[in-house]
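# Breakdown of the fold
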Amino acid sequence: MANDASTVFDLVILGGGSGGYAAALRAAQLGLDVALVEKNKLGGTCLHQGCIPTKALLHAGEIADQARESEQFGVKATFEGIDIAAVHKYKDDVVSGLYKGLQGLVASRKVTYIEGEGRLSSPTSIDVNGQRLQGRHVLLATGSVPRSLPGLTIDGNRIISSDHALVLDRVPQSAIILGGGVIGVEFASAWKSFGTDVTIVEGLPHLVPVEDENSSKLLERAFRKRGIKFNLGTFFQSAEYTGDGVKVTLADGKTFEAEVLLVAIGRGPVSQNIGYEEQGVAMDRGYVLVDEYMRTNVPTISAVGDLVPTLQLAHVGFAEGILVAERLAGLKAVPIDYDGVPRVTYCHPEVASMGISEAKAKEVYGADKVVTLKYNLAGNGKSKILKTSGEVKLVQVRDGAVVGIHMVGDRMGEQVGEAQLIYNWEALPAEVAQLIHAHPTQSEALGEAHLALAGKPLHSHD
Ligand SMILES: Cc1cc2nc3c(=O)[nH]c(=O)nc-3n(C[C@H](O)[C@H](O)[C@H](O)COP(=O)(O)OP(=O)(O)OC[C@H]3O[C@@H](n4cnc5c(N)ncnc54)[C@H](O)[C@@H]3O)c2cc1C
């Protein structure tokens, strides 16, 4: 093993996804000497197999729906079909443009970028391509990969993961989606827009089960209207190939058949056989354990992103990576309030949330201390123009701050920026009610909800 002891980096990072590259960029900006090791493509899951390509598919689906529904708006357009090769080209062009930009950014910040599969070889080094990279500190950011269930093999043929679904060379006639979480409902939405007959199978009682129950119910109603089928509350038992598709059997004996089965039951950490155990890094079910400053039990090693048991979101990875960089550069690092992280599911209609659910608020503050308010988008001009329906639901601690904001409706994901200011600045309803919202926008729905909670509803009944 070549060991160039003359170069000791301030920080050596394993994994160039959202968490790893954000740490690299911020650390370099703060004057640290940084090496970044990536075995695949800079940008990781989010850029190449996650956030960006899925949202491009969803946008293509939205255009298909608009073409189909154009007559409702007095526009004569004909929907002829999906040219999936052209959809992929559009999606890939978006990804490759961003990829190029990111590569330029990393180079311009003078980060030493090394392509290759790395391994933690000591508490202060990563081995890659027969070379030992020494660092005063090491950051583990190896992310996650799609998970499966015992006895269910994702073969990339008819039983596929989101990675395969993103490059599928056809629009399936029919699909079963195992898992009604974020990834499952986003693919259900895009495929339905493309013309697939979709059935979601979710073991828990609701779609998007980590959201406030009201949002789940609104999404279920909207999906039902769109003809997206779902079976809730019964767990998967087995899957087998049929002559030309896949048959799924649930624990209660019910069966479903379709051309493909998309397994979207979650993602597991990438932490095995890359030296973590050997170096004594504490883990739980494969997740690297960290404190609120992203420090592992080994003083010279930190970890961020999907590898650690926090929310699996790109912007969480960014924030955790930045936190580590700032801490190592000697700046004051502030622990992340994970309830204060915005969450958006980009299906049609969108689901967006901030803070905590009504159920959680009742647990934390007591049922008699929690006040809720629902503002129906039927009263919002812009939503009416878009022909979307949904609600903004607020959860308030009686006479105190708004601790939960839960929104459903097309484009409501764009409102999460204001929602996060309200939550993170612990705004009182009366304070938000003072803010004037532009008319007609969907942001008015947030303003109106707070007017109502402050006791002075405008476009809603007392
Ligand atoms: C279909 C899908 C849609 C998603 N949509 C969204 C969304 O809309 N919004 C959102 O916020 N999040 C979304 N996510 C989640 C988001 O992609 C992840 O939270 C984010 O990518 C995690 O970043 P990370 O840096 O922890 O891991 P990753 O992005 O997985 O990066 C880890 C990197 O480490 C590299 N690596 C692993 N092992 C080694 C090794 N031994 N040597 C060298 N390199 C190694 C990998 O190649 C990879 O590039 C989505 C995910 C999926 C799958």
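Residues numbered from 1 in each chain as written. Predicted model: local features only at pLDDT ≥ 70, side-chain atom pairs only at ≥ 80, totals over all residues. Heavy atoms only, no water.

When helices and strands are counted, the chain shows 13 helices and 24 strands. In summary, the chain has a C-alpha radius of gyration of 24 Å against a globular reference of 23 Å for 462 residues, a match within 12%. Each of the three principal axes of the chain carries a C-alpha extent, and together these read 70 × 60 × 45 Å. Buried positions account for 52% of the 462 residues belonging to the chain. Taking as baseline every contact in the chain between residues at least 6 positions apart, the subset at least 24 positions apart corresponds to 62%. Accessible surface, the chain: about 20,800 Å² in total, of which carbon and sulfur atoms supply 52%. Across the chain, the 43 positively charged side chains and the 54 negatively charged ones have centroids separated by 2 Å. (Helix = DSSP H or I, 4+ residues; strand = E, 2+ residues; numbered from the N terminus. Rg over C-alpha atoms; globule rule 2.2 N^0.38 Å. Buried < 20%, exposed > 50% of the residue type's maximum accessible area, 1.4 Å probe, protein only. Contact = heavy atoms within 4.5 Å. Areas by Shrake-Rupley, 256 points an atom, 1.4 Å probe, with all protein chains shown as cover. Lys, Arg positive; Asp, Glu negative; His and termini not counted. Charge placed at Lys NZ, Arg CZ, Asp CG, Glu CD.)

Attention now moves to the site of the ligand. For the ligand, the set of nearby residues contains 38 residues, the closest of which are Glu38, Thr45, Lys55, Asp306 and Ala314. Within the backbone of cysteine 46, a nitrogen or oxygen atom sits 3.2 Å from an oxygen atom of the ligand. Every element with two or more residues in the shell around the ligand is listed here: helix 1 (18-29), strand 2 (34-38), helix 2 (44-49), helix 3 (51-68) and helix 8 (314-328). The greatest single-element share of the shell around the ligand, amounting to 4 residues, is contributed by helix 2. Of the residues in the shell around the ligand, the class split is 11 nonpolar, 20 polar and 7 charged. (Near = heavy atom within 4 Å. Polar contact = N/O pair within 3.5 Å; in protein donor to acceptor, adjacent residues only side chain to side chain. Nonpolar A, V, L, I, M, F, W, Y, C, P; charged D, E, K, R; others polar.)

With respect to the secondary-structure elements, phenylalanine 194 resides in helix 6 (residues 182-194). Look past the residues within four positions of phenylalanine 194 in its chain and what remains in contact with it is Leu57, Ala60, Gly61, Arg68, Ile82, Ile84, Val87 and Val171.

On to the environment of glutamate 391. Note that glutamate 391 resides in strand 23 (residues 391-397). The sequence separation of glutamate 391 and histidine 406 amounts to 15 residues, and the corresponding C-alpha distance is 8.0 Å. Within the structure, glutamate 391 has its side chain in polar contact with the side chain of asparagine 214 (distance 3.0 Å).

Time to look at the packing of aromatic side chains. Inspection of every chain in the model, using the stated rule, returns 2 aromatic pairs. The ring of phenylalanine 79 has arginine 68 sitting right over it, with the charged end atom 4.2 Å from the ring centre. (Phe/Tyr/Trp six-rings, centres within 6.5 Å; stacked < 30°, edge-to-face > 60°. Lys NZ or Arg CZ within 6 Å of the ring centre and 35° of its normal.)

All right, on to the nonpolar core then. If you look at the biggest cluster of nonpolar residues, it comprises 47 residues, and the most contacted ones within it are Ile13, Val34, Leu120, Leu133, Leu140, Tyr276 and Val281. Mapped onto this core, the elements with two or more residues apiece are strand 1 (2-14), helix 1, strand 2, helix 4 (84-108), strand 5 (125-128), strand 6 (131-140), strand 19 (301-303) and helix 8. Examining the composition of this core, we find that 6 residues originate from one element, helix 1, more than from any other. (Core = buried A, V, L, I, M, F, W, Y, C linked by side-chain atoms within 4.5 Å.)

For the rest of this paragraph, the subject is the sheet that holds strand 9 (residues 174-178). Whenever strands of a sheet pair, they do so through backbone hydrogen bonds, lying parallel or antiparallel. Spatially, 8-15-9-10-11 is the arrangement adopted by the 5 strands of the open sheet, whose pairing is parallel. Both edges of this open sheet fall to strand 8 (159-160) and strand 11 (229-232), since each of them pairs with a single strand only. The pairing of strand 8 with strand 15 (residues 260-263) spans 2 bridges and is classified as parallel. Paired with isoleucine 160 across the two strands is leucine 262, which belongs to strand 15. (Pairing = 2+ DSSP bridges.)

For the chain, mean pLDDT is 97; residues scoring 70 or higher make up 99% of the total. In the model of the chain, strand 1 stands out as the element of lowest mean pLDDT, 81, in contrast to strand 19, which has the highest, 99. (pLDDT = per-residue confidence, 0-100.)

Attention shifts here to the sheet that holds strand 12 (residues 236-241). Strand order across the open sheet formed by 3 strands is 12-13-14, with antiparallel pairing between neighbours. The open sheet has two edge strands with one neighbour each: strand 12 and strand 14 (255-258). Each neighbouring strand pair of the sheet contributes to a mean axis angle of 20°, computed without reference to strand direction. Where strand 13 (residues 246-250) and strand 14 come together, 4 bridges link them in antiparallel fashion. Of the residues in strand 14, the one forming a bridge with threonine 249 is threonine 255. (Axes fitted to C-alpha atoms, helices over the stretch in contact; angles between N-to-C directions.)

Another aspect to go through is the side chain of threonine 199. Along the chain, threonine 199 turns up in strand 10 (residues 197-202). Excluding residues within four positions of it along the chain, threonine 199 makes contact with Ala175, Ile176, Ile177, Lys229 and Phe256.

The next subject is the side chain of serine 18. In this fold, serine 18 is placed in helix 1. For serine 18, a relative accessible area of 12% gives the class buried. In this structure serine 18 touches Gly43, Cys46, Ala314, Gly317 and Phe318, once residues within four positions along its chain are discounted.

This part takes up the packing of helix 3 against helix 4. For the pair helix 3 and helix 4, the least separation of the axes is 9 Å and the interaxial angle reads 140°. Classified by the angle their axes make, helix 3 and helix 4 are oblique. Crossing of helix 3 against helix 4: the hand is right-handed. The segment helix 3 lies against helix 4, with Ile52, Pro53, Ala56, Leu57, His59 and Ala60 engaging Val87, Tyr90, Lys91, Val94, Val95 and Leu98. Tallied by class, the residues present in the contact of helix 3 with helix 4 amount to 10 nonpolar, 1 polar and 1 charged. (Parallel < 35°, antiparallel > 145°, perpendicular 65-115°, else oblique. Left-handed = near helix turned anticlockwise from the far one by under 90°.)

On to the environment of isoleucine 183. Structurally, isoleucine 183 can be placed in helix 6. Judged by its relative accessible area of 33%, isoleucine 183 is partly exposed. Counting along the chain gives 82 residues from isoleucine 183 to isoleucine 265, while the straight-line C-alpha distance between them is 8.4 Å. Sequence-distant contacts of isoleucine 183, that is, excluding residues within four places in its chain, are made with Ser162, Ala264 and Arg267.

What follows covers the packing of helix 1 against helix 8. Running from amino to carboxyl end, helix 1 crosses helix 8 at an angle of 35°, the nearest separation of the two axes being 7 Å. The crossing of helix 1 and helix 8 is right-handed. Across the interface between the two elements, Ser18, Gly19, Tyr21, Ala22, Ala23, Arg26 and Ala27 of helix 1 pack against Ala314, Gly317, Phe318, Gly321, Ile322, Ala325 and Glu326 of helix 8. Each residue belonging to the contact of helix 1 with helix 8 can be placed in one class, and the counts come to 8 nonpolar, 4 polar and 2 charged.

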